[in-house]
Amino acid sequence: MTQSPENPGIPEGPDLAVSGDATPPGLSYLATIDVEVDAPIAIGTTVDGLRKVIPIRGGKVSGPGLSGEVLDAGADFQQYPSETVAYLAADYVLKTDDGHHILVENRALRTGSSSDLNKLMNGEQVDPERIYFRCAPRLSADQSGPYAWLSDVLFIGSGVRSPNGVRIYIFQVR
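Residues numbered from 1 in each chain as written. Predicted model: local features only at pLDDT ≥ 70, side-chain atom pairs only at ≥ 80, totals over all residues. Heavy atoms only, no water.

A. How the structure looks around the overall build of the protein. A tally of regular secondary structure across the protein gives two helices and eleven strands. What you see in the protein, going N to C, is helices and strands ordered as β-β-α-β-β-β-β-β-β-α-β-β-β. Buried residues in the protein amount to 35% of all 174 residues. Taking all contacts inside the protein whose residues are at least 6 apart in sequence as the whole, residues at least 24 apart take part in 48%. Of the roughly 9700 Å² that the protein leaves accessible, carbon and sulfur atoms contribute 53%. (Helix = DSSP H or I, 4+ residues; strand = E, 2+ residues; numbered from the N terminus. Buried < 20%, exposed > 50% of the residue type's maximum accessible area, 1.4 Å probe, protein only. Contact = heavy atoms within 4.5 Å. Areas by Shrake-Rupley, 256 points an atom, 1.4 Å probe, with all protein chains shown as cover.)

B. Structural view of the nonpolar core. Ile33, Leu66, Tyr92, Leu94, Ile102 and Leu139 are the most contacted members of the largest nonpolar core, which totals 33 residues. Put simply, the parts of the chain that give this core at least two residues each are strand 3 (27-37), strand 5 (49-62), strand 6 (68-82), strand 7 (85-96), strand 8 (101-111), helix 2 (114-121), strand 9 (132-141) and strand 11 (165-173). (Core = buried A, V, L, I, M, F, W, Y, C linked by side-chain atoms within 4.5 Å.)

C. Layout of the pairing of strand 8. The alternating pattern of strand 8 places Ile102, Val104, Asn106, Ala108 and Arg110 on a buried face and His101, Leu103, Glu105, Arg107, Leu109 and Thr111 on a face that is not buried. Across eleven bridges, the pairing between strand 7 and strand 8 is antiparallel. By the bridge assignment, Ala86 is partnered in strand 8 with Arg110. Once strand 7 ends, the chain turns through four residues before running back antiparallel as strand 8, passing Gly99 with a positive phi of about 90°. (Pairing = 2+ DSSP bridges.)

D. Representation of the environment of Gly58 within the structure. Among the secondary structure elements, Gly58 is positioned in strand 5. Once the C-alpha coordinates of Gly58 and Leu71 are considered, the two residues, 13 residues apart in sequence, prove to be 4.8 Å apart. Excluding residues within four positions of it along the chain, Gly58 makes contact with Asp34, Val35, Glu36, Val70, Leu71 and Asp72.

E. Just the pairing of strand 6, in detail. Relative to strand 6, strand 5 is paired through nine bridges, and the arrangement is antiparallel. Each bridged residue has a counterpart across the sheet, and for Arg51 the counterpart in strand 6 is Gln79. What sits between strand 5 and strand 6 in their antiparallel hairpin is a turn of five residues. Two strands pair when backbone bridges link them, and strand 6 and strand 7 are joined in this way by ten bridges, in the antiparallel orientation. Looking at strand 7, one finds that Asp76 is bridged to Ala90. Between the antiparallel neighbours strand 6 and strand 7 lie two residues.

F. Summary view of the side chain of Lys52. You can see Lys52 is positioned in strand 5. Asp76 provides the closest opposite charge to the buried, salt-bridge-free Lys52, at an N-O distance of 11 Å. Those residues in contact with Lys52, other than ones at most four positions away along the chain, are Pro40, Ile41, Ala42, Ile43, Asp76, Phe77, Gln78 and Met121. (Lys, Arg positive; Asp, Glu negative; His and termini not counted. Salt bridge = Lys/Arg side-chain N within 4 Å of Asp/Glu carboxyl O.)

G. Local environment of the pattern of salt bridges. Here the structure, examined in full by the defined rule, presents seven salt bridges. For Arg167, the salt bridge goes to Asp34, with nearest N and O atoms at 2.6 Å. Of the two residues, Arg167 is situated in strand 11 and Asp34 in strand 3; the sequence distance between them amounts to 133 residues. Here Asp48 and Arg51 are joined by a salt bridge, their closest N and O atoms 3.8 Å apart. The partly exposed category is assigned to Asp48, whose relative accessible area is 39%. Linked by salt bridges that have partners in common, Asp38, Arg57 and Asp72 make up one network.

Shown next, in the form of structure tokens:
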């Protein structure tokens, strides 16, 4: 196995695939979460940039791995360190169709032109192709219940912001 000169200790090149040391991860679709939000609460410009809190008021989750509702319990804590970057930390609760609760702790990066991000912040629609919106949700549930397995795997996702909410597509990393 060869080493990357820029990153010693990190394997590179075809040797990795040939050696059988690791299998590249794949993705499988888990669900889509449609989150309904309330009006932003502006904190103002802090030492960390512009800060806002977006209350989460409900929504739904649907897909082959999860289905149910988003509860009116949580918020999206947003940080805008520049005009083209937003760091998002959304924590909220899902209730599955069979009555179990799942905690979602989602960390995301949303980037785009300053014009497009300003439009999103003002509640305007922006073509999703113009916005990079990726996330790493952590899902956890009661360890004695049927969704305990959610704590044992990684998830990634992509999002789309609309004037009234957010749509998150969640994929399990295999």
